[in-house]
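Here is what each chain is made of, one letter per residue.
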Amino acid sequence: MASANQDLVRSLYAAWERGDYRSVEWAHPEIEFVIADGPAPGSWTGLAGMADAWRDFISPWEEFRSEVEEYRELDDERVLVLNRFGARGKTSGLEVGQMRVQGASVFLVHEGKVKRLVVYFDRERALADLDLAPETGSP
């Protein structure tokens, strides 16, 4: 049975999979947003910082999408999402989905709000950072 934290993360991805990134009511006002790797790594604080970072990240892409493969509760506050990213470059026309980009996101949820969100474009790095085995994703 999914916890309230996992239900919150599932509701976020339901919107994101439709391409709807407008809502921020799920985020703590001082959220720490981290892009751990990929083409534009960095860390931002607050709703405005997260919005600016995400807008800058997805602006070169058409049809950016993230499809969930699995949700995992790591503990009472953290939810791991294993996902696959796809997009097409606006300028190049390159289809990222053809490269099978397997990523992950880690949500730290406290009192019903996401306080920290870490996005990984390299799933193996995410699993290593979390001390999970790459083959099974288990400790």
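What counts, and at which threshold
Residues numbered from 1 in each chain as written. Predicted model: local features only at pLDDT ≥ 70, side-chain atom pairs only at ≥ 80, totals over all residues. Heavy atoms only, no water. Helix = DSSP H or I, 4+ residues; strand = E, 2+ residues; numbered from the N terminus. Expected span 1.5 Å × (residues − 1). Polar contact = N/O pair within 3.5 Å; in protein donor to acceptor, adjacent residues only side chain to side chain. Buried < 20%, exposed > 50% of the residue type's maximum accessible area, 1.4 Å probe, protein only. Salt bridge = Lys/Arg side-chain N within 4 Å of Asp/Glu carboxyl O. Patch = residues over 30% accessible without salt bridge, like charges linked within 9 Å, V, L, I, M, F, W, Y side chains within 5 Å. Areas by Shrake-Rupley, 256 points an atom, 1.4 Å probe, with all protein chains shown as cover. Lys, Arg positive; Asp, Glu negative; His and termini not counted. Charge placed at Lys NZ, Arg CZ, Asp CG, Glu CD. Core = buried A, V, L, I, M, F, W, Y, C linked by side-chain atoms within 4.5 Å. Contact = heavy atoms within 4.5 Å.

In this model helix α1 (residues 4–17) runs 20 Å from its N-terminal to its C-terminal C-alpha over 14 residues, within 8% of the 20 Å that 1.5 Å per residue would give. The residue sitting at the N-terminus of α1 and contributing the capping side-chain oxygen is Ser3; that oxygen lies 3.3 Å from the backbone nitrogen of Asn5. Residue Gly19 follows α1 closely and has a positive phi angle near 85°.

What follows covers unusual backbone geometry. With a phi angle near 50°, Glu111 is a residue other than glycine that sits in the positive phi range. For Glu111, the location among the structural elements is in the loop between β5 (101–110) and β6 (113–120). Phi is positive for Asp131, which is not a glycine, with a value near 60°. In this structure, Asp131 sits in the segment after α3 (123–129). Taking the relative accessible area as the measure of exposure, Asp131 reaches 66% and is therefore exposed.

The subject of this paragraph is the pattern of salt bridges. The full count for this structure, using the stated rule, is 8 salt bridges. Across the pair Asp52 and Arg55 runs a salt bridge whose closest N-O atoms are separated by 2.5 Å. In this pair, Asp52 and Arg55 both sit in helix α2 (residues 46–58), 3 residues apart, roughly one turn of the helix. Judged by its relative accessible area of 38%, Asp52 is partly exposed. Between Asp75 and Arg78 there is a salt bridge whose closest N-O contact spans 2.8 Å. Relative accessible area serves as the criterion here: at 33%, Asp75 is assigned to the partly exposed category. Within the structure, one salt-bridge network assembled from shared partners comprises Glu69, Arg84 and Arg123.

The subject of this paragraph is a negative patch on the surface. On the surface, Asp7, Glu73, Asp76, Glu77 and Glu111 cluster together into a negatively charged patch. Looking at the element boundaries, Asp7 is found in helix α1. Overall, Asp7 belongs to the partly exposed group, its relative accessible area being 41%.

Counting 26 residues, the largest nonpolar core has Trp16, Trp26, Phe33, Phe107, Val114 and Leu117 as the members making the most contacts within it. Of all the secondary-structure elements, those providing two or more residues to this core are α1, β1 (27–35), α2, β4 (78–89), β5 and β6. A total of 6 residues in this core trace back to one element, the largest contributor, which is α1. Ignoring sequence-local partners within four residues, the contact set of Trp16 consists of Tyr21, Trp26, Phe107 and Leu117.

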